[in-house]
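Each chain, written out:
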Amino acid sequence: MKSDYLTSKPAFYALFVFSLPIIIGNLFQQLYTMVDSAVVGRFVGEQALAAVGASYSLTVVFICVAIGGGVGSSVIVSKYFGARNFSVMKTAVSTAFLTFLGISVFLGAVGIVINRPLLVLLKTPSDELDMALVYLRIYFLGLPFLFMYNVISSMFNAIGNSRIPLVFLIFSSVLNVALDFLFVAVFKTGVAGAAWATLIAQGLSCVLSFAVFMRTLGKFRDSEDGVEAAEETSDSAVLMSGGASFCGGRLSRGGYRKFRFFDGRELSSMAKIAIPSILQQSTVSIGMMLVQSVVNSFGSEALAGYSAFSRIASIAIVPMAALNNSMSSYTAQNIGAGKPERVVKGYRAANLMVAFFAVTLCLCIEIFYRPLISLFIGDGGSETALRTGQAALRFEGFFYCWIGFKMACDGLLRGAGDMKVFTLANLINLSIRVVVSVVCAPRFGIEWVWYSVPMGWFMNFVISFAEYRTGNWKKRL
């Protein structure tokens, strides 16, 4: 299939073909986080599961910085790709890689230094603190691999190729699962083994995906025939001339502009999209850390049940998150190609997909909520852990339509560069969830932690949809 299918094929078909590999890939990505928890819970114990859960609330902040930065930067790359300005696109890609490599090394070092104070601040139970620290220290060593892998995947999506990231996600997930069982179940290395399994799998996948992306990028050269001419270039020709094609080229609207490894102008353009995306992702994660501190105050048994629920919920929203990222790339490419009318058609198609996924998820959760939670807690799990996980999962299952609708609309706004309302809507979403959890849960019960979730989703959607209806997003990027 031609790489310009997001700007040429029917909207529903284009979004479905583009988002399906992202959905499958994210499911595999979530699979190995689930396996981390399931293997640790079954072969080490409930306290170890709670320790990994406490670590997860902190590590997800760094994951979201990587995802937010990658998706935000890919919007600019998608715009250049849609306009067929390949030389500028390559400069933007290189600038993003260098920037986020530096950020990841810095954050990894900071994480190693301050992980104990953060866990104490989050009220992590004392009997789980040491295990959580072991997990986090190894995790932060591999943070550059995690960052760069997510940024590379976003760049593949920006050029309309969501299949290659799927291949590497499957590879990474399968390797992670195998190493989990080897280190934890066979070698009895505890939570440290789960952390090393993740680091090795992500590191190898990062290196391989970077090599393939650079080879793919060399195929795109500015010409009158656009991307089709680049796609017809043989692999041998790419290998022989890839360096030259990467280092220069003509802009599709006239004039020459050489490739640069780092360009402050491109960094500024990407920052306008990436920083709000990072802010949105990070503040949500920080909010979840605050919510986690509320859960921690109910004890390790409730924490284990909530951790099991969180793992399942993170998988349940994978289709919605994939549509969010797909709408960003789809919107940016079509605006870059001068086809804003296709964005409206794509948004309608995305909402149809959301409705299908939401109904399917609700039915599956209502039928299988008991075995799903038991998968993590095990047969010997406490009644409190089982009851907490099951109650949270059943309640949230009825409201996945709201997160789907809000993510489809958010993806459109971000892809169009309409970041002010995007950021405001997500901050209000976060504020509702944190305030309701912190104020109500200690007084009326832990149930208010998950009661707050659909409240935030709904208000986020209302604000984002109101902005979409104004049409202001057509003028932003």
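Refer to the structure presented above.
Reading guide: rules and limits
- Residues numbered from 1 in each chain as written.
- Predicted model: local features only at pLDDT ≥ 70, side-chain atom pairs only at ≥ 80, totals over all residues.
- Heavy atoms only, no water.
- Helix = DSSP H or I, 4+ residues; strand = E, 2+ residues; numbered from the N terminus.
- Buried < 20%, exposed > 50% of the residue type's maximum accessible area, 1.4 Å probe, protein only.
- Contact = heavy atoms within 4.5 Å.
- Areas by Shrake-Rupley, 256 points an atom, 1.4 Å probe, with all protein chains shown as cover.
- Salt bridge = Lys/Arg side-chain N within 4 Å of Asp/Glu carboxyl O.
- Phe/Tyr/Trp six-rings, centres within 6.5 Å; stacked < 30°, edge-to-face > 60°.
- Lys NZ or Arg CZ within 6 Å of the ring centre and 35° of its normal.

As for the overall build of the chain
Next, step 1: The helix and strand inventory of the chain stands at 18 helices and 0 strands.
Next, step 2: Taking all 477 residues of the chain together, 60% fall into the buried category.
Next, step 3: Of all intrachain contacts in the chain linking residues separated by at least 6 positions in sequence, the fraction that spans at least 24 positions is 82%.
Next, step 4: Of the accessible surface of the chain, which amounts to about 18,500 Å², a share of 68% is contributed by carbon and sulfur atoms.

Brief notes about the environment of G404
Next, step 1: Among the structural elements, G404 can be located in helix α16 (residues 400-415).
Next, step 2: A C-alpha to C-alpha distance of 4.8 Å links G404 and M320, two positions 84 residues apart in sequence.
Next, step 3: The contacts of G404, once residues within four sequence positions are left out, are M320 and V354.

Details of the pattern of salt bridges
Next, step 1: Going through the model one piece at a time under the given rule, you end up with 5 salt bridges.
Next, step 2: R116 is the partner of D130 in a salt bridge, and the nearest nitrogen-oxygen pair spans 3.9 Å. With a gap of 14 residues between them, D130 in helix α5 (residues 126-141) and R116 in helix α4 (residues 86-121) connect regions that are remote in the sequence.
Next, step 3: Residue R116 is classed as partly exposed on the basis of its relative accessible area, which comes to 37%.
Next, step 4: As a salt-bridge pair, E366 and R394 come within 3.0 Å of each other at their nearest N and O atoms. Separated by 28 residues along the polypeptide, E366 in helix α14 (residues 340-377) and R394 in helix α15 (residues 383-397) bring together distant segments of the chain.

Some thoughts on the packing of aromatic side chains
Next, step 1: The tally for this structure, following the rule as stated, stands at 25 aromatic pairs.
Next, step 2: Here the aromatic rings of F405 and F461 are separated by 6.0 Å at their centres, their planes lie at 45°, and the arrangement is tilted. Remark: F461 occurs in helix α18 (residues 447-470) and F405 occurs in helix α16; sequence separation between them is 56 residues.
Next, step 3: On the basis of an interplanar angle of 35° and a centroid distance of 5.9 Å, the ring pair of F465 and Y468 is categorised as tilted. Of this pair, F465 and Y468 are both found in helix α18, 3 residues apart, which corresponds to roughly one turn of the helix.
Next, step 4: Taken together, the aromatic side chains of Y347, W402, F405, F458, F461, F465, Y468 and W473 make up a single cluster linked through ring pairs.
Next, step 5: Above the face of the F81 ring, R84 is positioned so that its terminal group lies 4.8 Å from the ring centre.

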